[in-house]
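What follows is each chain in one-letter form.
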Amino acid sequence: MSKMIHLCLAKMSDTGMEQKYIQEAFDTQWVAPLGPNVDGFEDDLKQFVGEGKEVVALSNGTAAVHMALIACGVGPGDEVITQSFTFCASAHPVTYLGATPVFVDSERDTWNMDPDLLEVAIKDRLTKTGRKPKVILPVALYGMPYQIERIMEIANRYEIPVVEDAAEGFGSRYKGQVLGTFGKYGVLSFNGNKMITTSGGGALICGDRAEWKKVMWLATQARESYPYYQHEVIGYNYRMSNICAGIGRGQMTVLEDHIAHHHHVQSLYEQLLKDVPGVKVHIQPNGSDRGQVPVSQERSLVSDGNLSPVRTPAAPVYDSNYWLTTITLDPALKVKDQENAYKQMVTGAVGGAAGVIHTASTVVTDCQPNANVEAMRLALLAAGVESRPLWKPMHKQPVYRKAPAYVNGVSEGLFKIGMCLPTGPCVTDEHVKHIVNTIKASIL
Ligand SMILES: *Cc1c(COP(=O)(O)O)cnc(C)c1O
């Protein structure tokens, strides 16, 4: 790998556990999409998420979204409410199924699904189509927990299952409870750039053994138990490889270290960027204090009737894993060379995106980050730092221009002013200082 400081590059454990488990797979001839590492990894994940949940290890997080939707009965003509402000994998599996994603915008505190707008959307879909959306799919953007209690209260009231996309939020907690365990299903991703990696992989957290069985069956081509191959429904080849799961088992030994590292890096950014005018670090609603429930949240805890039990009374309401640190730049901030931003065609990938082989057809689009944000990205790149704009909202994506959307301007506004900074396990204090100094030096 290059000397570039990457956003979130995978790092193997110092103890070499990943290689030990892979070697075991070779030694025992378990080079297949099943085996002891897959079972062991699922056990580790189960232990981590806790409270009687079941876990199926899958080939990637997108497959986990796909499986969850199928398990919820989503099919052609159905509608699924998803968060607009997200990576495309929260929406594309809806489209794979011939269903329509209905995009709901974000609230300002967590940048995730706005519960008020969620209810507006449900009511409006009922009026317009006469049918309820089949699933509600909130996303823990950059690891930040969504307002899950309010979302669950609304979902329960309308009897719509929730699929949590916690792909970026592995290890994040809400009132002490791990994300992905509130809804009917929870999606995890172990891509190379997530909290831990299996090189590529994902998992679906299921509520019980029956759900687990259904997902396992669908993910292994939905075979019936006959001596020959009998198929009565369409299945998928989505199981995790025993080699990948070996990496996952090793990575589980450093998950807590990774979370602690991301917290540390986030704190350092908060501290070093505190007094830089026009630059704001996005923090969870209860701030960097991770051991206290703020008063206003305590009140809603009592008044809200429909709560799941609080596991740790002292746990903060929001406890983000801070997968990536995100900042916003005041539109008035002047960044060096910003008059030259968007003058040149971008070739290849930005921000570590792999496999970008399509050449863009235009230098600009009708919805893009401000010139000062693009200039800051280029300044960081010139200083050997990978950064990236925030996710472009799905309702602004050409491919989804016809999809229904309930918007309040929050995600589009943030997309224009925001960017992601490196936080991964390979990012050192010296890197963060270099990044902050580059940011400071780029401001006019
Ligand atoms: C990464 C990601 C996924 C999908 O995970 P893959 O393992 O890359 O398929 C889904 N949703 C979100 C929000 C993600 O960031």
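The paragraphs below set out a description of the structure included in this document. Note that the structure is a prediction, hence the values are computed from the model and not measured.

So, how was this worked out
Residues numbered from 1 in each chain as written. Predicted model: local features only at pLDDT ≥ 70, side-chain atom pairs only at ≥ 80, totals over all residues. Heavy atoms only, no water. 1 Å grid on protein atoms, 1.4 Å probe; cavity = no way out; pocket = protein on both sides within 12 Å on 5 of 7 lines; lining within 4 Å. Points joined across faces, edges and corners; volume = space filled by probe spheres on them. Helix = DSSP H or I, 4+ residues; strand = E, 2+ residues; numbered from the N terminus. Polar contact = N/O pair within 3.5 Å; in protein donor to acceptor, adjacent residues only side chain to side chain. Contact = heavy atoms within 4.5 Å. Salt bridge = Lys/Arg side-chain N within 4 Å of Asp/Glu carboxyl O. Buried < 20%, exposed > 50% of the residue type's maximum accessible area, 1.4 Å probe, protein only. Axes fitted to C-alpha atoms, helices over the stretch in contact; angles between N-to-C directions. Parallel < 35°, antiparallel > 145°, perpendicular 65-115°, else oblique. Left-handed = near helix turned anticlockwise from the far one by under 90°. Nonpolar A, V, L, I, M, F, W, Y, C, P; charged D, E, K, R; others polar. Expected span 1.5 Å × (residues − 1). Arc of directions from axis to C-beta. Patch = residues over 30% accessible without salt bridge, like charges linked within 9 Å, V, L, I, M, F, W, Y side chains within 5 Å. Areas by Shrake-Rupley, 256 points an atom, 1.4 Å probe, with all protein chains shown as cover. Pairing = 2+ DSSP bridges. Phe/Tyr/Trp six-rings, centres within 6.5 Å; stacked < 30°, edge-to-face > 60°. Lys NZ or Arg CZ within 6 Å of the ring centre and 35° of its normal.

Time to look at empty space enclosed by the protein. This structure, assessed with the given rule, holds 2 cavities of 30 Å³ or more. Here the second largest cavity is characterised by a volume of approximately 40 Å³. If you go around the second largest cavity, the residues you meet are Leu-141, Tyr-142, Met-144, Gln-266, His-282, Tyr-322, Leu-324, Thr-325 and Thr-326.

Bringing the side chain of Thr-110 into the picture now. One can find Thr-110 in the loop between β3 (100-104) and α5 (115-129). At 2.5 Å, the side chain of Thr-110 and the side chain of Glu-107 are in polar contact. Within polar-contact distance, the side chain of Thr-110 engages the backbone nitrogen of Asn-112 at 3.0 Å. Setting aside anything within four residues of it in sequence, one finds Thr-110 in contact with Met-144, Pro-145, Tyr-146, Gln-147, His-282, Pro-285 and Tyr-318.

Moving on, we come to the pattern of salt bridges. In the structure shown here, the tally under the stated rule is 18 salt bridges. Here Lys-46 and Glu-54 are joined by a salt bridge, their closest N and O atoms 3.4 Å apart. Assessed through its relative accessible area of 28%, Lys-46 is described here as partly exposed. As a salt-bridge pair, Asp-116 and Arg-150 come within 2.9 Å of each other at their nearest N and O atoms. Highlighted residues: Asp-116 in helix α5 and Arg-150 in helix α6 (residues 148-157), separated in sequence by 34 residues. With a relative accessible area of 34%, Arg-150 lands in the partly exposed category. What emerges from the salt-bridge pattern is a single network uniting Lys-46, Glu-54 and Arg-209.

Quick look at the packing of helix α3 (residues 61-71) against helix α7 (residues 209-218) now. At a minimum axis distance of 10 Å, the contact between α3 and α7 shows a crossing angle of 120°. Comparing their axes, α7 and α3 come out oblique. The way α3 lies across α7 gives a crossing that is right-handed. On the side of α3, the interface is formed by Met-67, Ile-70 and Ala-71, while α7 contributes Lys-214, Val-215 and Leu-218. For the contact of α3 with α7, a count of residues per class yields 5 nonpolar, no polar and 1 charged.

Moving on to the environment of Gly-186. By the secondary structure assignment, Gly-186 is in strand β8 (residues 185-189). Looking at Gly-186, the relative accessible area reads 0%, which means it is buried. Taking the C-alpha atoms as reference, Gly-186 lies 9.1 Å from Val-55; in sequence the two are 131 residues apart. In this structure Gly-186 touches Glu-164, Gly-180, Ala-203, Leu-204 and Ile-205, once residues within four positions along its chain are discounted.

Right, let's talk about the packing of helix α1 (residues 17-27) against helix α8 (residues 242-252) for a bit. Where α1 meets α8, the closest approach of the two axes is 7 Å, and the angle between their N-to-C directions is 150°. Classified by the angle their axes make, α1 and α8 are roughly antiparallel. In this structure, α1 meets α8 at a crossing whose hand is right-handed. Every residue of α8 that contacts α1 at Met-17, Glu-18, Tyr-21, Ile-22, Ala-25 and Phe-26 is listed here: Asn-242, Ile-243, Gly-246, Ile-247, Arg-249, Gly-250 and Gln-251.

This next bit is on the layout of surface pockets. A probe as big as a water molecule, rolled over the atoms, marks out the empty space that is left. Taken as a whole, the second largest pocket holds about 420 Å³ of empty space. Considering the residues around the second largest pocket, the lining is formed by 25 residues, among which Val-346, Glu-374, Arg-377, Leu-378 and Leu-381 are closest to the centre. Considering only residue class, the lining of the second largest pocket consists of 12 nonpolar, 7 polar and 6 charged.

Counted at 1.5 Å a residue, the expected span for helix α13 (residues 429-442) with its 14 residues is 20 Å, and the 20 Å between its end C-alpha atoms agrees. Listed in full, the buried residues belonging to α13 are Val-432, Ile-435, Val-436, Thr-438, Ile-439 and Ser-442. With its buried residues spanning 155° around the axis, α13 presents them on a single face. Summarising the contacts, the buried residues of α13 are in contact with α9 (255-273), β12 (279-281), β14 (325-329), α11 (371-382) and β17 (418-421).

Now for the environment of Cys-367. Assignment of secondary structure puts Cys-367 in the loop between β14 and α11. With relative accessibility at 1%, the residue Cys-367 sits in the buried group. Between the alpha carbons of Cys-367 and Thr-328 there is a distance of 16 Å; along the sequence they are 39 residues apart. Among all residues touching Cys-367, those that are not within four sequence positions of it are Lys-392, Lys-396, Glu-412, Phe-415 and Lys-416.

With that settled, consider unusual backbone geometry. Of note in the backbone geometry, Gln-29 takes a positive phi value of approximately 65° without being a glycine. With respect to the element layout, Gln-29 can be found in the loop between α1 and α2 (36-49). Positive phi, normally seen in glycine, also occurs at Gln-221, with a value near 65°. Note on placement: Gln-221 falls in the loop between α7 and β10 (223-225).

Attention now goes to a nonpolar patch on the surface. Nonpolar side chains collect at one region of the surface, where Met-345, Val-363 and Val-364 lie side by side and expose about 210 Å² of accessible area between them. By the element assignment, Val-364 lies in the loop between β14 and α11.

Read from one edge to the other, the open sheet built from 4 strands follows the order β4-β2-β3-β16, with strand pairing classed as parallel. Each having just a single partner strand, β4 (135-137) and β16 (405-406) make up the two edges of the open sheet.

Another aspect to go through is the packing of aromatic side chains. The tally for this structure, following the rule as stated, stands at 12 aromatic pairs. Both rings, one in Phe-87 and one in Trp-391, keep their centres 5.1 Å apart while their planes meet at 40°; by these two values the pair is tilted. Of the two residues, Phe-87 sits in the loop between β2 (79-83) and α4 (92-96) while Trp-391 sits in the loop between β15 (388-389) and β16, which places them 304 residues apart along the sequence. By the ring-pair criterion, three or more aromatic residues cluster together here, those being Phe-41, Phe-48, Phe-170 and Phe-190. Note that Arg-209 overlies the ring of Trp-212, its terminal NZ or CZ placed 3.6 Å from the centroid.

Without other data, these values stay purely geometric and don't point to any function.
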